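Architecture at a glance
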Amino acid sequence: MSFAYVVDPGPGVGARPPRTTADSDAPSLSLNGLWEFRLDQGPWTELPVPAHWQLHGHGSPAYTNVSYPFPIDPPFVPDENPTGEYRRTFQLPADWPVGDGAVSVLRFDGVDSCFAVRLNGTPLGHAKGSRLAHEFEVGALLRPGANTVEVVVHQWSSGSYLEDQDMWWLSGIFRDVTLLARPEPALDDFFVHAGWDHTTGSGTLAIETAGPGVPPDVRLSVPELGLHDVDPAGPHLIGQVEPWSAESPRRYDAVLRTDRETVRLRIGFRSIAVVDGVLTVNGAPITLRGVNRHEWHPEHGRALDHATMLRDVLLMKRHHVNAVRTSHYPPHPAFLELCDEYGLWVVDECDLETHGFEQVGWRRNPSDDPRWQEAMLDRMRRTVERDKNHPSVLFWSLGNEAGTGRNLAAMAQWCRSRDPERPIHYEGDRDSGYVDVYSRMYANHAEVDAIGRREEPPTDDPALDAHRRSVPFVLCEYAHAMGNGPGGLSEYQRLIDMYPRVAGGFVWEWIDHGIARTTPDGRRWYAYGGDFGEPLHDGNFIADGLVFPDRTPSPGLIEFAKVITPIRFDLDLTLSAISVTNRYDFRSLDHLAFGWSLERDGQPVASGTLDFPETVAGDTSTLPIEELLATVGGDPADDGELWLTVTARLAQDQPWADAGHEMAWAQFPLNAGRFPAPVTSQASTSVSAPVSRSMSAPVSTSITPMSTPAPTWPAGLRDAVTAARLDVWRAPTDNDRGCGTRSLALRWEQAGLHRMGHRTIDDSTESGVRTVRTRVAPAASDLGLLATYRWRETDGVLRLDLAVEPDGDPARWGDLTLPRLGLHLALPTSLTQVAWFGLGPGESYRDSRAAARIGRWSLSVTELQTPYVRPQENGNRSAARWAEFTDAQGRGLRVEGLPTFDFAARPWSDAALAAAPHPHELTPDGVLHLHLDLAHDGLGTASCGPGALPEHRLRPGKAEFSLLFRPVVVASPS
Ligand code: GAL
């Protein structure tokens, strides 16, 4: 067989011009299901369509980020080119139009990466563009009864050079295959233009139906708008119409009709405009609180079913996400329909990335090679034509990381002429010469701040620079959500909220692309790059999402939701007033019910509702709460810790969540000042830096005896407590490991922080205080820390005052940070339950703790662990006032902070946590490893992007840390 087309840089031959997706009443027949299949001329077997053959036992998945897994030798591909043959015989329904003049098309919604198709033995053509639809005309070839369709699919093709997205290489027919009857003449294509005038509230509707094959007698009806069998071309001016937005996705049912065909559509009216460099829709500036979404399912790869797509949309809506960038290809068409229906702004990205050429200095990059122009234009046309009728689509994106070049410019030019109503996005165009949006990925906070102020450094060409300054700014990727993190979201959101020029951003990325595997004894785990023996791979860089592969929200999503919630509360204690600010772009807060509750030391005291007046977008409403404060106390002398919690919940069911769903919350201390580690409730305020603050926190010396008789320590437990050792290392997070040369983890390792030894300088007891002075240092280094432990026991309560300082000149540490500063204790594993009063219930870190709230929490040790796809530091609980670690009988250890501490408890050591490639490879070692920390280094997002902000860094310095330890005993029955 000759497969010359495979390496032809052209887009293919024989497919019909691209057109809109449409819900037509013309007959259609799904050809999804089991097909006959063989790989590389092996034995014939069966394979489902849609699916990837590598996920059904044929060949293996492979993961690379930037690198092409074949030589860069465009447009050629290796001789070893896995090729799948598909065959299926289907029965044509008896009433299917066949014979002279009958037109039918065979539609493929996605085949990776190149395919040729035959019907009843006759070749129809071949195509490339994996995530794009291709239709082939088959009318004349169809026969009543049995028909056979054959498809040859090649894993590698010239198209692979254009599809170097950071994802698994997976092949096959992975989206639907459908046979569609097309009446003659047919209503093949249409383009809805539905604008909205915010000054009058009126809409304009004009539907282009001109184009190949379109009959002259098309009629349009939109009954709700009083349009009945009118000429779709209009334009029709509609007096009053409700606009579409991601917040209120109002659509109007419409019908386009010819004598032969009826197409149902749902029209959303909206107008996009850039006004003074600010992105507006329907006359109002909008803020994109977005995510980058790859299509992913842990068992099916990019072959998504409808339920999975819906789950993504519902999860996004419930977590306040209002925008999606379809990184880096057009999604399954049903996903866009869901975005229209539930309300999400979409950056619809073309199926294009040539990132691997960067590794050879962009030499021979297709983006600037005329031989590839047709293929690149074809991809853009197929994207726009298929998706143009979705009101959710806000921008067209030319693709991702494809360098620069004339083919990209040609794509932009075509796009602009075809759809002048939508701005064009492409991040790789640093000058923004041919796009309408200034887009950056992983810009740090300071850069975003400068861009917000319009003070970013100019680029070389003054005309291009002026253009770039006139368009809105988006972070098309930021806050790389790999492993534990992202840190620094609150600080980004503050900038996004502050600067009108900054239209918002899209977290990288929505989901970890782990592939589900099962151990022989039935435990599930998720594979990443290298787990299939790939010779070239990028490891767990594929697991960088806000949700785990099974779509369980990670702590990062919980944090993101808290930071972006469009409802903000403020308490003014001097005025005794509480206010709510509406940060939606359009909708009022009348869909919400507000409540308050008061807790003293984490125990409920009182609760009630808050009756805010109607608050329109952008406004703030304030309620006096003297009465509330008077009823509940609010006395600064109250010796309990008083916290007011306010909440906003859905008052009625929404299409995406039930009434009662919590939309926002905030907590306010009513007797501030007692606790030196305040918790802020607002996204825009940075959390206090625990280190600088706690390091100089005054140490109180009194131990309050418990009212009950002095408890007796079980000997082993007391020894375990007094054996507590200073610990400064943590199992590096993906962000600590960083990327390229910027690895904190490596620097920590080079400094030996993971192998510190302890030398006792002296150990003496005087007036009941045992003082142990040690020097804590790694081999082969003269850097060290002096740790002084002062132990005192009063009435069965042990008090530890720990003082730490660098040995010698602190400047010798340079800019090295400490991963953590705290104590490690080895406790019995019988302590399986943890209860605490502090921030929870989820994990939190100093630059990712907006979502943690003050309360009393209780979880098992197992529940404290966060199962990141690659094991790493996790599970820290912050600002605990006290915590109890108890066994099944309720006996154990209570730790009290003076004033607070962070803790993590796990059945394995940090060394084991750092070494295990996957969670199922972690084995309990017979000890409960308890970490009691004064501080951690921040998380940041250095796995791809900036590290932690300076105020979240933990630098070696003088520190003091005080804790009380008591045994928890169970009273014996008297
Ligand atoms: C960007 C790229 C994404 C992804 C991300 C890192 O450069 O556009 O596709 O690779 O980095 O996870």
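Since the model is a prediction, treat every value here as computed from it, not as a measurement.

Focus: the overall build of the chain
Within the chain, the secondary structure is distributed over 15 helices and 55 strands. The C-alpha atoms of the chain give 31 Å as radius of gyration, which agrees with the globular expectation for 974 residues (30 Å, within 12%). Seen along its three principal axes, the alpha-carbon backbone of the chain occupies a region of about 105 × 65 × 65 Å. Here the chain, with 974 residues, has 62% of them falling under the buried criterion. Nonlocal contacts in the chain, meaning residues at least 24 apart in sequence, comprise 74% of its contacts between residues at least 6 apart. Summed over its atoms, the accessible surface of the chain is roughly 35,700 Å², and 52% of this surface lies on carbon and sulfur atoms. Separation between the mean location of the 89 positive side-chain charges and that of the 129 negative ones in the chain comes to 3 Å.

Quick word on empty space enclosed by the protein
In total, this model carries twelve cavities of 30 Å³ or more according to the counting rule given. Forming the walls of the largest cavity are 13 residues, and the residues nearest its centre are E247, K317, H320, N322 and Y584. Mapping the lining of the largest cavity onto the domain boundaries places at least three of its residues in each of domain 3 (287-515 + 543-561) and domain 4 (566-685).

Section: the packing of aromatic side chains
On inspection of all chains with the given rule, the structure shows 28 aromatic pairs. Measuring from ring centre to ring centre gives 6.2 Å for Y161 and W372, while their planes differ by 65 degrees; the resulting arrangement is edge-to-face. Residue Y161 is located in the loop between β13 (145-154) and β14 (167-169), and its partner W372 is located in the loop between β29 (345-349) and α3 (373-387); the two are separated by 211 residues in the primary sequence. Neither residue differs from the other here; Y161 and W372 are each classed as buried.

A look at the confidence of the model for the chain
Taken residue by residue, the chain gives an average pLDDT of 94. The fraction at 70 or more is 94%. When mean pLDDT is taken per element in the chain, β29 scores highest with 99 and helix α10 (residues 690-695) scores lowest with 26.

What to know about the nonpolar core
Ranked by size, the top nonpolar core spans 127 residues in total, and within it L398, I567, F569, I578, F594, L610 and L644 carry the most contacts. Within the second largest apolar cluster, 60 residues are counted, among which are F885, L930, A959 and F965.

A few points about the site of the ligand
Taken together, 13 residues are adjacent to the ligand, and D166, H328, E401, E477 and H480 come closest. A distance of 2.7 Å separates an oxygen atom of the ligand from a polar atom in the side chain of H328. Measuring from an oxygen atom of the ligand, one finds a side-chain N or O atom of N400 at 2.8 Å. Computed on the free molecule, the ligand has an accessible area of 310 Å², of which 96% lies beneath the protein chains in the complex. Split into classes, the residues belonging to the shell around the ligand amount to five nonpolar, four polar and four charged.

Comments concerning the environment of S860
Tracing the chain through its elements places S860 in strand β51 (residues 853-860). Judged by its relative accessible area of 14%, S860 is buried. The residues touching S860, leaving out its near neighbours within four places in the chain, are T832 and Q833.

Re helix α1 (residues 306-318)
The terminal C-alpha atoms of α1, which comprises 13 residues, lie 18 Å apart, in line with the 18 Å expected from a rise of 1.5 Å per residue. Listed in full, the buried residues belonging to α1 are T308, M309, D312, V313, L314, L315, M316 and K317. On the buried face of α1, the contacting elements are β27 (288-292), β28 (323-325) and α2 (333-342). After α1 finishes, the residue H320 shows a positive phi value of roughly 70 degrees.

Considerations on the sheet that holds strand β2 (residues 23-24)
On the basis of which strands lie adjacent, the open sheet formed by five strands has the order β2-β23-β22-β19-β20 and antiparallel pairing. Both edges of this open sheet fall to β2 and β20 (227-230), since each of them pairs with a single strand only. The pairing of β2 with strand β23 (residues 262-267) spans two bridges and is classified as antiparallel. Its bridge partner being in β23, D23 is matched across the sheet by R264.

Quick word on the side chain of R88
Within the secondary structure layout, R88 lies in strand β7 (residues 83-92). Buried charge without a salt bridge: R88, with E36 as the nearest opposite-charge side chain at an N-O distance of 8.8 Å. Looking at R88, its side chain comes within polar contact range of the main-chain oxygen of L31, at 2.9 Å. Of the polar contacts made by the side chain of R88, one reaches the backbone oxygen of N32; its length is 3.0 Å. Look past the residues within four positions of R88 in its chain and what remains in contact with it is L31, N32, G33, L34, W35, N147, T148 and V149.

Things to note about the pairing of strand β18 (residues 202-208)
Burial analysis of β18 places five of its seven residues in the buried class, which makes it a mostly covered element. Judged from the seven bridges that link them, strand β17 (residues 191-197) and β18 form a sheet pairing that is antiparallel. Bridge pairing in β18 links G195 to T204. Following β17, the chain reverses through four residues before pairing antiparallel with β18; G201 in that reversal takes a positive phi of roughly 80 degrees. One ladder, built from three bridges, connects β18 with strand β21 (residues 236-238); its direction is antiparallel. Bridging from a neighbouring strand, T204 pairs with L237 of β21.

As for the layout of surface pockets
Estimated volume of the largest pocket: approximately 990 Å³. What lines the largest pocket is a set of 46 residues, among which T21, A22, D23, E337 and H390 lie closest to the centre. When residues in the lining of the largest pocket are grouped by element, the largest group, five residues, is from β23. Of the residues in the lining of the largest pocket, the class split is 16 nonpolar, ten polar and 20 charged.

Rules of the game
Residues numbered from 1 in each chain as written. Predicted model: local features only at pLDDT ≥ 70, side-chain atom pairs only at ≥ 80, totals over all residues. Heavy atoms only, no water. Helix = DSSP H or I, 4+ residues; strand = E, 2+ residues; numbered from the N terminus. Rg over C-alpha atoms; globule rule 2.2 N^0.38 Å. Buried < 20%, exposed > 50% of the residue type's maximum accessible area, 1.4 Å probe, protein only. Contact = heavy atoms within 4.5 Å. Areas by Shrake-Rupley, 256 points an atom, 1.4 Å probe, with all protein chains shown as cover. Lys, Arg positive; Asp, Glu negative; His and termini not counted. Charge placed at Lys NZ, Arg CZ, Asp CG, Glu CD. 1 Å grid on protein atoms, 1.4 Å probe; cavity = no way out; pocket = protein on both sides within 12 Å on 5 of 7 lines; lining within 4 Å. Points joined across faces, edges and corners; volume = space filled by probe spheres on them. Domains from an automatic or database assignment. Phe/Tyr/Trp six-rings, centres within 6.5 Å; stacked < 30°, edge-to-face > 60°. pLDDT = per-residue confidence, 0-100. Core = buried A, V, L, I, M, F, W, Y, C linked by side-chain atoms within 4.5 Å. Near = heavy atom within 4 Å. Polar contact = N/O pair within 3.5 Å; in protein donor to acceptor, adjacent residues only side chain to side chain. Nonpolar A, V, L, I, M, F, W, Y, C, P; charged D, E, K, R; others polar. Expected span 1.5 Å × (residues − 1). Pairing = 2+ DSSP bridges. Salt bridge = Lys/Arg side-chain N within 4 Å of Asp/Glu carboxyl O.

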